[in-house]
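Working through the structure, step by step
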Amino acid sequence: MNEKYFNEIDIKDEFFDSLKYDYPGFENWFRRKYNQKAYVQYDNNGKIMGFLYLKSEKDIVADVQPTIFANTILKVGTFKIDAHGTRLGERFVKIIFDTAVNENADLCYVTIFPKHFGLINLLKQFGFYEYGKKGDEINCEKVFVKDMRKISGNISIDYPLVKATGVNKYLLSIYPKYHSIMFTDSILKTESAEIIKDVSYGNSIHKIYVCRMDVEILKRGDILVLYRTSDFNKIAEYSSVVTSICVVEEVKNQGAFTSFNDFFQYACQYSVFDKKDLLYWYNKGGCKIIKFTYNIALKNRLTRHSLIEKVGLDRKEYWGFFKINDSQFDSIVELGGVNRNIIY
């Protein structure tokens, strides 16, 4: 994903043809934005596959019906993807919400022509709802709004908000070779951004992780604090870090599947593991599959040393998977630089 100034983006790319058709004056609008930035995804040949422009507004949006009122409003000005099977749309949705969180936006909104049902369904999956309309009857767009101040209890619809009251919290370890290619916003400063690829398990908001640890106690809505273990030949005390906060959707045991094919069809949806990996673990037996949402990348990564000395985690615990208490979770949120507005 690249953040580019408009004047660095080739408006002649065929990607923009449909936008030019739908919005007369699009080219003039595009050129007026020359010194503003947008998010762009390119393919290996330099062709554009996705484009996202965001704009912060204040107090009122008067050119839609009904009028939108809120202190801070994030407008999704232009959002288009060429679907190609990598869940790139989810990657862009996460950028929208990350921006909303960083700007303390109360609402996000987007206007979309009804024909773009794929994009509409994607946004509705993560809590956008039909609010009103914009334009006349001939050139009418639907208006969709996401309220960043309310939590419903539906994990996908509430995303990226995290319900922390009345749920259990756990630390879950992830090996380095899987961590940053799955959790792309949690990549370490010491890692090359080139490891991030346009693939489903990296782009997706939903994640699947396969392990053989005793994670059956996890329940829907429980919170996972992801712990990236140390690299080879490095001391865990200062190189193992917590990086992310996630919310459990479901946990399945290997025995819930009638065959390896059923196991694979479920696990491959959002998993970094390929078929060979999954067959290896399936044959060993005792696999558990955790499906969860990737909600928060910590601004400050906390080392094992900090987790022990400042948060109060037990050095003697098995750090693959264990329960943490509310106070410890709150300390991780505070020290990790998490915006408290998204923790409920």
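Anything mentioned here points back to the structure above.
The structure reproduced in this document is the subject of the present report. Small disclaimer: the values here were computed from a predicted structure and weren't measured.

Points about the packing of helix α11 (residues 304-311) against helix α12 (residues 326-335)
Running from N to C, α11 and α12 cross one another at 120°; their axes reach a closest spacing of 10 Å. Of the possible angle classes, the one that applies to α11 and α12 is oblique. Crossing handedness for the pair α11 and α12: right-handed. Counting all contacts with α11, which are made through L307, K310 and V311, the residues of α12 involved are Q328, S331, I332 and L335.

Quick look at unusual backbone geometry
Between Q65 and P66 the backbone carries a cis peptide bond, its omega angle lying at -5°. With respect to the secondary-structure elements, P66 resides in the loop between β3 (48-61) and β4 (68-81). Cis geometry marks the peptide bond from Y159 to P160; its omega dihedral reads 10°. Within the secondary structure layout, P160 lies in the loop between α5 (155-158) and β8 (169-174).

Considering the pairing of β8
Among the 6 residues of β8, 6 are classified as buried, and the element is accordingly described as predominantly covered. Burial along β8 is two-sided: the residues K169, L171 and S173 and Y170, L172 and I174 are all buried. Pairing of β8 with strand β10 (residues 223-228), which is carried by 6 bridges, proceeds in the parallel orientation. From the neighbouring strand, K169 faces β10, where its bridge partner is I223. Judged from the 4 bridges that link them, β8 and strand β13 (residues 321-324) form a sheet pairing that is antiparallel. In the strand pairing of β13, K169 is matched with I324.

Description of the side chain of S244
Mapped onto the elements, S244 comes out in strand β11 (residues 241-253). Polar contacts involving the side chain of S244 include one to the side chain of S186, which spans 2.6 Å. Once residues within four sequence positions are removed from consideration, S244 is found in contact with H179, S186, L224, V225, L226, Y294, I296, A297 and L298.

With respect to the side chain of Q254
With respect to the element layout, Q254 can be found in the loop between β11 and α9 (260-267). The exposure class of Q254 is buried, given its relative accessible area of 14%. Apart from residues lying up to four places away in sequence, Q254 is in contact with W281, Y282, G285, G286 and C287.

Quick notes on the sheet that holds β11
With mixed pairing, the 6 strands of this open sheet are ordered in space as β9-β12-β11-β10-β8-β13. The two strands at the open ends of the sheet, each matched to only one other strand, are β9 (206-211) and β13. Averaged over all adjacent pairs, the angle separating strand axes in this sheet is 40°, with direction ignored.

A short note on the pattern of salt bridges
Going through the model one piece at a time under the given rule, you end up with 18 salt bridges. Between K134 and D63 there is a salt bridge; the shortest N-O distance is 3.3 Å. On the criterion of sequence distance, the pair formed by K134 in strand β6 (residues 129-134) and D63 in the loop between β3 and β4 is long-range, its members being 71 residues apart. Residue class for K134 comes out partly exposed when judged on its relative accessible area of 23%. For D214, the salt bridge identified is with K288, shortest N-O distance 4.0 Å. Residue D214 is found in the loop between β9 and β10, and its partner K288 is found in strand β12 (residues 288-303); the two are separated by 74 residues along the sequence.

Section: the state of the cysteines
Disulfides are covalent bonds that connect the sulfur atoms of two cysteines. Tallied over the full model, the rule gives 0 disulfides. In this structure C211 is not part of a disulfide, and its nearest cysteine sulfur, from C287, lies 8.4 Å away. Under the relative-accessibility criterion, C211 is labelled buried at 8%. Left unpaired, C268 is separated from the closest cysteine sulfur, that of C287, by 15 Å.

Parameters and conventions
Residues numbered from 1 in each chain as written. Predicted model: local features only at pLDDT ≥ 70, side-chain atom pairs only at ≥ 80, totals over all residues. Heavy atoms only, no water. Axes fitted to C-alpha atoms, helices over the stretch in contact; angles between N-to-C directions. Helix = DSSP H or I, 4+ residues; strand = E, 2+ residues; numbered from the N terminus. Parallel < 35°, antiparallel > 145°, perpendicular 65-115°, else oblique. Left-handed = near helix turned anticlockwise from the far one by under 90°. Contact = heavy atoms within 4.5 Å. Buried < 20%, exposed > 50% of the residue type's maximum accessible area, 1.4 Å probe, protein only. Pairing = 2+ DSSP bridges. Polar contact = N/O pair within 3.5 Å; in protein donor to acceptor, adjacent residues only side chain to side chain. Salt bridge = Lys/Arg side-chain N within 4 Å of Asp/Glu carboxyl O. Disulfide = S-S within 2.5 Å.

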